[in-house]
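Summary of structural features
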Amino acid sequence: MSDTVDAVAIGLAFEMKSVTKAFPGTVAVDMVDFDVQAGEVHALVGENGAGKSTLMKIMAGSFNDYTGDVFINTKEVSLHSPSAAKKNGIEMIYQELSLALPISIAENVLVGRLPKKSFFLDKEKMNMETLRCLKMVGLDYLDPMTPVEEISQHEAQLVEIAKALGNNPCILVMDEPTSALSQEEVERLFEIIRNLKKRGLAIVYISHHLPEIFAIADRVTVLRDGKKIATKNVSEVTREEVVQMMVGRSVNEFYKHEAHTQKEETLRVENLSRFGFFHDINFRAYKGEIVGICGLSGAGRSELARVLVGLDDSDEGKLYLHDKELRIKNMAHALENGIAYLTENRKTEGLALRLDVRENVLAGLIPRHTKYGVYNQRLGTPLLNTLIKELSIIPPDPNRTVNNLSGGNQQKVLLAKWMACDTKVLILDEPTRGVDIGAKMTIHQSIERLAKEGVTIMLISSDLPELVALSNRVLIMRQGHFIREMQKSECTEESVLLAANGEGGE
Amino acid sequence: MMQTVQKESTQIETRLRTQSTFNRIFSTLGVYGVAVLFLLLGIILQISGVINNFLTAQNMLNIIDAVSLLGIVAMGMAFVTYSGHYADLSVPTTMALTGIVCVEMLKYGFFPAVIISFIVGLLVGGINAVAIGKFKANPIIWTLAVNYVSMGVIRLVWVNKQIYPDLKASSVKASVLFDNIYRFRFFDKIALPMVFLIILVIVCHFILQRTKFGVQLKLTGSARNVAKFSGVNVERVISIAFLLCAATATLGGLTVTSLSKVGAWYNGAGYDFKAVTAVVIGGMTLAGGRGSIIGVLGGVLIIGLMNNIMTLLGIGTFSQDMIRGAIFILVVGLNAKSLRSQGRDDA
């Protein structure tokens, strides 16, 4: 191992110049320059949708149609396939574990390069090589033959790193590596990262937990809307400055949402808990109000929404609708009571892609359009046409298969489905994820109209400008708790983001 | 950015235009086109003297009888396929079991026997419904297992006995009524099973197209999770599909037992695969949520004509099975390819 330490060349390990990647409807990464020195940890930050993960996927070779130049050790390379990325010494560590649980650590770590003795596996060599990799992450106390399912979560995370290191990479890309770790385990991980750094590895560290970045990174690059905003030495910036750069644009550019003064309570939740996901949630929501719920991924936002509409059971707590206690049995029951949930997973839970616009929009109204068991689709036609017009769904053809609509229009259809349902409480989970700016504006207008008409909207969004602009109040959720409530007057993108990071004072 | 949006929509338009011709061939109309082709094939074979009994009144009646029996079973099977649960493989034993039970119960009279058979059939369907609807068992493995278990019950209770309606019935009248399930003809021409089929086609078509259950079944078959998120009680919808399948299997079981005038364990053999083949040829994809009852009727006609021609040509039973299997594979394969070209990789 000692020989690798000496072999490290100090200098530019990885460089991207004017890299661009467009998707239908959006440019996810727009002319980004990015570089990492050997022996450096370079953090990559940005809001959701800023282009972090796309940039990472380009490094991993997931796209064969990006434009721009990539250099490794000052040699130009092309990362048009995952194997090309691997061959050039780039190793990825993803947020989700990619280990096969039932098989041994050794087989996981050495996958693709298992040592063989004629036809058979060379067990001895396998053990040695695995131990060599495990030692780099301080796990050499484990038996390489242990199945992965028998080791702890954080050990598995470290095995993942060991697996990456086993391929002798010169660049290691880590995506939210601490999301499943406790504070103590994070410290251990940082110790390992510092060691790797000393050995001259170039590390790209992607995270939206700012404190971690200030603890481990040397430089930080901020992305916003697919563009690079700045690259700074961590020692020369403050957290507030980083947040400022992440959030950027002048707030409330487009929206002038009037604060509603009606104080008629529609929804009240008391001590609601689903163990392991969220605890002791209390809040009230009023008629015509848009309540924003902000939190980092994993804070328990969607899990809360799923319980509110009866998709999951709660373990404790009560829910009151119009001051009457309600025990929601399932989604149909929630709908009957006027509570609806727009899922964040449009393609798997939101829309039946093979059916047409009409069938999708009217899906929630099937019981209402049925008389004596006979379903009358025509009853929904006037409503359908109004919604298509209001949301300007293009083409305005109710018989078009949803699969054959663009992403933005699919999202509009999904919103139309719940607007059709005549709800009292509408929970919107990332209602504008992955849509273009035009569709976004239309969706926002419709959300505001619904609120004006007295619907209580609960808006879960990682899109901070959207959240700040639309919400009358923002509830900050962190690690399963509501930690703070911010009134419209105190909400700025900066203050909300800082609060979601557990900072910014009470 | 406007450019990319523009580009996306033109791509979609092209995809819409180039959607595989297969869909058009196996659209409802296309299925009947294929049926007519088989009819023409039979006529040509007759004219050219290869076979000589195709275009006779008796043979046409044979075809219609066979089609009726298969059609009754396929109607129920169609609901299971439409719900996205591929097939109910417990159909053959359900048919045999309900037939045997009916013969056995003829000692209490004809109508009580029929009612008891339906209760038994729906019981088997209910077991499938609970396991697959509620507990999400794999439909293929589960119904296959149920098929074997009910077969075991038959073998255990009736050993290998074949039981005869005229020996079991309380009165001659009951036994005659039972024999007439298959043999009764209105005006000496229109057979009862055919009437059953016609009624079933109308009722099932209505159920699928116009009822709340039908609309919810379509949503469930197309995307189970989306249905759930739209407030559909998917467990109940899937359960009803399996119950309907069990009900038509029972009707088919009584008919086939009446045909052979004997209650025996082998009575429904082969009807699972024949029915699924008819359903799939009829344009219902194994992915669920696509196709129609009228299409399935066309699929049944094709299978009926094909079987008849193959028999007249003197092709053996085993070879016939092989040919049907090959056609099934071909249709499902083409279907999968066509769906994949539309960006879906399940079929």
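Residue positions are counted from 1 within each chain, in the order its sequence is given. The order in which chains are written sets their letters, starting at A; the order in which ligands are written sets their numbers, starting at 1. Selection of residues for local features in this predicted model requires a pLDDT of at least 70, selection of side-chain atom pairs for listing and counting requires 80 or more, and totals for whole chains, interfaces and linings are taken over all residues.

Here's the deal with the overall build of chain A
In plain terms, the rule: Numbered from the N terminus, helices here are DSSP runs of H or I no shorter than four residues, and strands are runs of E no shorter than two. With C-alpha atoms as the basis for the radius of gyration, the globule rule is written as 2.2 Å multiplied by the number of residues raised to the power 0.38. Buried means a residue has 20 or more other C-beta atoms within 10 Å of its own C-beta, exposed means 12 or fewer, and partly exposed covers the counts in between; C-beta atoms are placed from the backbone. Two residues qualify as a contact pair if the distance between their C-beta atoms, derived from the backbone, is within 7 Å.
Each helix and strand in chain A was counted, giving 18 helices and 24 strands. Taken over C-alpha atoms, the radius of gyration comes to 25 Å for chain A, in line with the 23 Å a tight globule of 506 residues would show. C-alpha extents for chain A along the principal axes are approximately 75 × 50 × 45 Å. Within chain A, the fraction of its 506 residues that count as buried is 47%. Long-range pairs, those at least 24 residues apart, make up 68% of the contacts in chain A with a sequence separation of at least 6.

Considerations on the environment of Tyr341 of chain A
Counting through the fold element by element, Tyr341 of chain A comes out in strand β18 (residues 339-342). Sequence separation between Tyr341 of chain A and Met331 of chain A is 10 residues, and the spatial gap between their C-alpha atoms is 8.8 Å.

Considerations on the packing of helix α9 (residues 172-183) of chain B against helix α13 (residues 234-260) of chain B
In a pair of packed helices, the angle between the axes and the distance between the axes together describe the arrangement. All names here are of chain B. The test is simple: In this analysis, axes come from line fits to C-alpha atoms, helices being fitted only over the stretch in contact, and the angle between any two N-to-C directions falls in the range 0 to 180 degrees. In these notes the angle categories are as follows: under 35 degrees is roughly parallel, over 145 is roughly antiparallel, 65 to 115 is roughly perpendicular, and the rest is oblique. Three classes are used: nonpolar for Ala, Val, Leu, Ile, Met, Phe, Trp, Tyr, Cys and Pro, charged for Asp, Glu, Lys and Arg, and polar for all others, with Gly counted as polar.
Taken N-terminus to C-terminus, the directions of α9 and α13 make an angle of 105°; their axes are 7 Å apart at the nearest point. Taken together, α9 and α13 sit at an angle that is classed as roughly perpendicular. Taken together, the residues of α13 that come into contact with α9 (itself represented by Phe178, Asp179, Ile181 and Tyr182) are Leu254, Thr255, Ser258 and Leu259. Split into classes, the residues belonging to the contact of α9 with α13 amount to five nonpolar, two polar and one charged.

Some points on the nonpolar core
Test applied: Residues of type Ala, Val, Leu, Ile, Met, Phe, Trp, Tyr and Cys that are buried and joined through C-beta atoms within 7 Å form what is called a nonpolar core.
Counting 245 residues, the largest nonpolar core has Ala162, Ile427, Ile457 and Val496 of chain A together with Ala74 and Met77 of chain B as the members making the most contacts within it. Here this core takes 14 residues from α13 of chain B, the largest share from any one element. Not counting residues within four places of it along the chain, the set of residues in contact with Met77 of chain B comprises Ala87, Asp88, Val91, Cys245, Ala275, Val276 and Val279 of chain B.

As for the sheet that holds strand β14 (residues 278-286) of chain A
All names here are of chain A. Put simply, the rule reads: The pairing criterion for strands is at least two bridges between them, as found by DSSP.
Spatially, four strands are ordered β14-β13-β16-β17 in an open sheet, and the strand pairing comes out antiparallel. The open sheet terminates on both sides in strands that have one partner only, identified here as β14 and β17 (324-325). Inspection of the sheet shows strand β13 (residues 265-274) paired to β14 by six bridges, in the antiparallel sense. Bridging across to β14, Arg268 finds its partner in Arg284.

So, the environment of Thr423 of chain A
All names here are of chain A. Tracing the chain through its elements places Thr423 in the loop between α15 (407-419) and β21 (425-429). The class for Thr423 is buried, based on 21 C-beta atoms found within 10 Å. Each C-alpha atom, one on Thr423 and one on Val455, is 6.8 Å from the other, the two residues being 32 residues apart in sequence. Ignoring any residue separated from it by four or fewer positions in sequence, one finds Thr423 in contact with Gly338, Ile339, Ala340, Trp418 and Val455.

Examining the domain arrangement of chain A
Residues and elements named next belong to chain A. Selection rule: For every domain, the bounds stem from an assignment made automatically or drawn from a database.
Once the domains are mapped, chain A shows domain 1 (2-89 + 168-246), domain 2 (102-167) and domain 3 (265-500). Between domain 1 and domain 2, the residue contacts involve nine residues of the former and eight residues of the latter. Residues of the side of domain 1 that touches domain 2, tallied by class, amount to six nonpolar, one polar and two charged.

Quick notes on unusual backbone geometry
All names here are of chain A. Following Ile394, the chain continues into Pro395 via a peptide bond in cis, with omega recorded as -5°. Summarising the element assignment, Pro395 is placed in the loop between α14 (381-390) and α15. Phi angles above zero are rare outside glycine, and Glu176 is one such case at about 45°. By C-beta crowding, Glu176 is classed as buried, having 21 other C-beta atoms within 10 Å.

As for the sheet that holds strand β22 (residues 456-460) of chain A
Residues and elements named next belong to chain A. Ordered in space as β18-β21-β22-β15-β23-β24, the six strands form an open sheet in which the pairing is mixed. Two strands bound the open sheet, and with one partner strand each, they are β18 and β24 (481-487). If you compare each strand with its neighbour and ignore which way they point, the axes differ by 20° on average. Pairing of strand β15 (residues 290-294) with β22 involves four bridges; the strand directions are parallel. Pairing of Ile293 across the sheet is with Ile460, part of β22. Packing of helix α10 (residues 301-308) onto the sheet brings it into contact with β15, β18, β21, β22 and β23 (473-478), and relative to β21 it is tilted by some 150°.

A look at the confidence of the model for chain A
Residues and elements named next belong to chain A. Basically, it comes down to this: Within a predicted model, pLDDT stands for the predictor's per-residue confidence, ranging from 0 to 100.
Looking at chain A, pLDDT values average 85 and 93% of them are 70 or higher. Ignoring residues within four places in sequence, the model shows residues 1-9, a span with pLDDT below 50, making eight contacts including any to other chains. Between residues 250-256, whose pLDDT stays under 50, and residues either more than four places distant or in other chains, the model counts eight contacts.

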